[in-house]
Amino acid sequence: MKPGQCKEGRRLGHALALGALAVAAVLTVDGVMHVVAAQTPFGGGRPVSDPHAGGLIGWLLARQSEFYREMSSTIRAAKSDGSAVRTLLAISFAYGIFHAAGPGHGKAVISSYLVANQETARRGIVLSFASALLQSLVAVLIVSIGAWLLNVTAKTMCGAERVIAIASYALIAAFGARLVWTKGGSFIGALQANRPMPGLALASASVSHDHVGHDHAGHGHGHDHDGHVHDEHCGHSHGPLPTELAGPGGWRRGIAAILAVGLRPCSGAILVLVFALAQGLFWAGIAATFVMGLGTAITVASIAILAVSARDVAGRISRVSDGGGALIVRGIEFGAAGLVLLFGLGLLSGYLFAEPLTCLQPIL
Amino acid sequence: MKRARSRLIGWLLLACVGVFGATAAHAHPHVWITSASELIYAPDGSMTAVRHAWTFDDMFSTYALQGIESKTKGVYTHEELAPLAQTNVESLKEFAFFTFAKADGKKGRFLEPVDYFLEYKDGFLVLHFTLPLKTPIKTQELSLEIFDPTFFVDFKLADKDPVRLVGAPEGCKFGFQRPNDGAAGAQAMGEDNFLSGGNSNYGAMFANKITVMCP
């Protein structure tokens, strides 16, 4: 960032930082609402689904349904016409993209984790692709072992899916708890360091400081692990940021994130696989599943990049502003960490999202 | 300055839409059911039960049949499918059988299903079951909705004879309303929903509503 932009940024600092906080708040409220909803079942069953279905979402749903429905007829067609396999793969890819753009907790958890843990966009892409690959792999394994090798019933496969789902949700919750613990410490640290709050009022946006960030240096963040210098800071580099990814534990945590998100297979993929197996085209089903995963990964990665960029922008700007900057950054991180925990708990306690806990629970 | 500002705001908004939208949009059907229903009336003119015949889509039908043994390949008898039918009605119970009756502003309660069985026909599974009303309803206007509030299951009224009145008093008439092409409805109503934030019943937008008017 050039010095000129820096000044602009300063003026905008508070406004945008507040905006980012508002986003975090909305996200948190949203998460809370899900958890609350999960605890008050609808008529003894699942909670009613989320009301916020925008026009875009409606459109996505429609496309997704179309692609999904076309899959069965395409698999049928592929029995006699080899070229239909290409169509199947194209549909699967599109379905993957649209599917991930719509429902599911994966991208929400990944995005929140990335924001909370100061991860880079590149790591976000790696996480997205790895978890989508794992998701496809789990689906293929369940159907290969369950349906192809052992010929168990759909109900039995659901049982396996349920165990995996619960493990995955528990992992997310544990993961979130850890993040909350760490980020809570940083947040409290920032709060204490910031006690004489230099007015968060918008009016103070006009106050100009030439030595941006100098007052950050002294902050005692209890959990700062190792210094990591961000490249694009205005003027000078900041004090240590809690970038755990640089340390050896960072990759371990990354793998934990991949497992947490990618363990649970998508019900749609399992249906497609079983259907393909019944049509004698299991390999086409497997190919379709992985292509679907590729599509999913692209969408999840895009959302992850978006989340990381927004966090970086908000962080950069708020750092330019008065001492409240660090507090705001820590606040956003803490909020995002809380979100991961809420997702985990929500998924565990009930059925956050319309995805039932078991594969096709309403009927099987 | 202006450009920088709008760019930054754009980023935040995009991120917001991305993450928020992603968590918000939960509904996505995995199962499609074509529903045909009979409304059963007692001689005294009260409605006593709803008899459903639900046809599952081919993908789900195949999936549900996975691992179920049959004497003749590709042919499944009612007996062979009995355990699966049992599972179906037991699972559906938790979701109130996706059937919601209303008369005079009051909800009609259903008892456990009776006479349930699965039929395998032309590659599709058809679930037949009868839902008796706890207390028979005698009223001039009655509505029956069939939908999944969470939209995991997409219900569609059968093209042919989606509703039939059995033993209803003379002069009773019925009408039905399909979700105006599900997806289109979602788009049109979605905006309102999003803005008002009030309507908490997303799946209701896809409801199939049957109305019966009796003299």
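Whatever comes next refers back to the structure up there.
Now for a look at the structure at hand. Everything quoted here is computed from the prediction, not taken from an experiment.

### Describing unusual backbone geometry
Then, number 1: Backbone geometry at Phe98(B) places phi at a positive 55°, although glycine is not the residue there.
Then, number 2: With respect to the helices and strands, Phe98(B) occurs in the loop between helix H3 (78-93) and strand S3 (99-103).

### Notes on the state of the cysteines
Linking two cysteines covalently through their sulfur atoms gives a disulfide.
Residues and elements named next belong to chain B.
Then, number 1: Under the definition given, this model contains one disulfide over all chains.
Then, number 2: The partner cysteine of Cys172 in its disulfide is Cys214, sulfur to sulfur 1.9 Å. Judged by the sign of its S-S torsion, about 115°, the bond between Cys172 and Cys214 is right-handed. Of this pair, Cys172 sits in the loop between strand S9 (163-166) and strand S10 (173-177) while Cys214 sits in the segment after strand S11 (208-213), and the two are 42 residues apart along the sequence.
Then, number 3: Here Cys172 falls in the buried class, since its relative accessible area comes to 13%.

### Details of the packing of helix H5 (residues 121-149) of chain A against helix H6 (residues 154-193) of chain A
Residues and elements named next belong to chain A.
Then, number 1: Running from N to C, H5 and H6 point in directions that differ by 145°, and their axes come no closer than 10 Å. Considering how the two elements wind past one another, H5 and H6 form a crossing that is right-handed. Across from Val138, Ile142, Val143, Gly146 and Ala147 in H5, the residues of H6 making contact are Met157, Glu161 and Ile164.
Then, number 2: In terms of residue class, the contact of H5 with H6 is made up of six nonpolar, one polar and one charged.

### As for helix H4 (residues 106-116) of chain A
Residue and element names in this part refer to chain A.
Then, number 1: Of all eleven residues in H4, eleven are buried; the element is thus mostly enclosed.
Then, number 2: Of the residues making up H4, those classed as buried are Gly106, Lys107, Ala108, Val109, Ile110, Ser111, Ser112, Tyr113, Leu114, Val115 and Ala116.
Then, number 3: Gln118 occupies a position one or two residues after H4 and carries a positive phi of about 55°.

### Quick word on the nonpolar core
Then, number 1: Core analysis: the biggest nonpolar cluster contains 116 residues, and Met71(A), Phe56(B) and Tyr63(B) have the highest contact counts within it.
Then, number 2: Sequence-distant contacts of Phe56(B), that is, excluding residues within four places in its chain, are made with Ile363(A), Val31(B), Trp32(B), Ile33(B), Ser61(B), Asn88(B), Leu118(B), Phe124(B), Leu125(B) and Leu127(B).

### Let's talk about the pattern of salt bridges
Then, number 1: Within the structure shown, the criterion is met by nine salt bridges over all chains.
Then, number 2: Between Arg76(A) and Asp58(B) there is a salt bridge, with the nearest N and O atoms lying 3.2 Å from each other. With Arg76(A) in helix H2 (residues 55-78) and Asp58(B) in helix H2 (residues 58-65), this pair bridges two chains.
Then, number 3: Using a relative accessible area of 36% as the deciding quantity, one classes Arg76(A) as partly exposed.
Then, number 4: A residue is classified by how much of its surface remains accessible, and Asp58(B), at 11% relative accessible area, is buried.
Then, number 5: Here Glu333(A) makes a salt bridge to Lys183(A), at a shortest N to O gap of 3.5 Å. Of this pair, Glu333(A) sits in helix H10 (residues 324-349) while Lys183(A) sits in helix H6, and the two are 150 residues apart along the sequence.

### Quick word on the environment of Trp148(A)
All names here are of chain A.
Then, number 1: Along the chain, Trp148 turns up in helix H5.
Then, number 2: Taking relative accessible area as the criterion, Trp148 reaches 55% and is therefore assigned exposed.
Then, number 3: Between the alpha carbons of Trp148 and Leu277 there is a distance of 7.5 Å; along the sequence they are 129 residues apart.

Definitions and limits used
- Residues numbered from 1 in each chain as written.
- Chains lettered and ligands numbered in written order.
- Predicted model: local features only at pLDDT ≥ 70, side-chain atom pairs only at ≥ 80, totals over all residues.
- Heavy atoms only, no water.
- Helix = DSSP H or I, 4+ residues; strand = E, 2+ residues; numbered from the N terminus.
- Disulfide = S-S within 2.5 Å.
- Buried < 20%, exposed > 50% of the residue type's maximum accessible area, 1.4 Å probe, protein only.
- Axes fitted to C-alpha atoms, helices over the stretch in contact; angles between N-to-C directions.
- Left-handed = near helix turned anticlockwise from the far one by under 90°.
- Contact = heavy atoms within 4.5 Å.
- Nonpolar A, V, L, I, M, F, W, Y, C, P; charged D, E, K, R; others polar.
- Core = buried A, V, L, I, M, F, W, Y, C linked by side-chain atoms within 4.5 Å.
- Salt bridge = Lys/Arg side-chain N within 4 Å of Asp/Glu carboxyl O.

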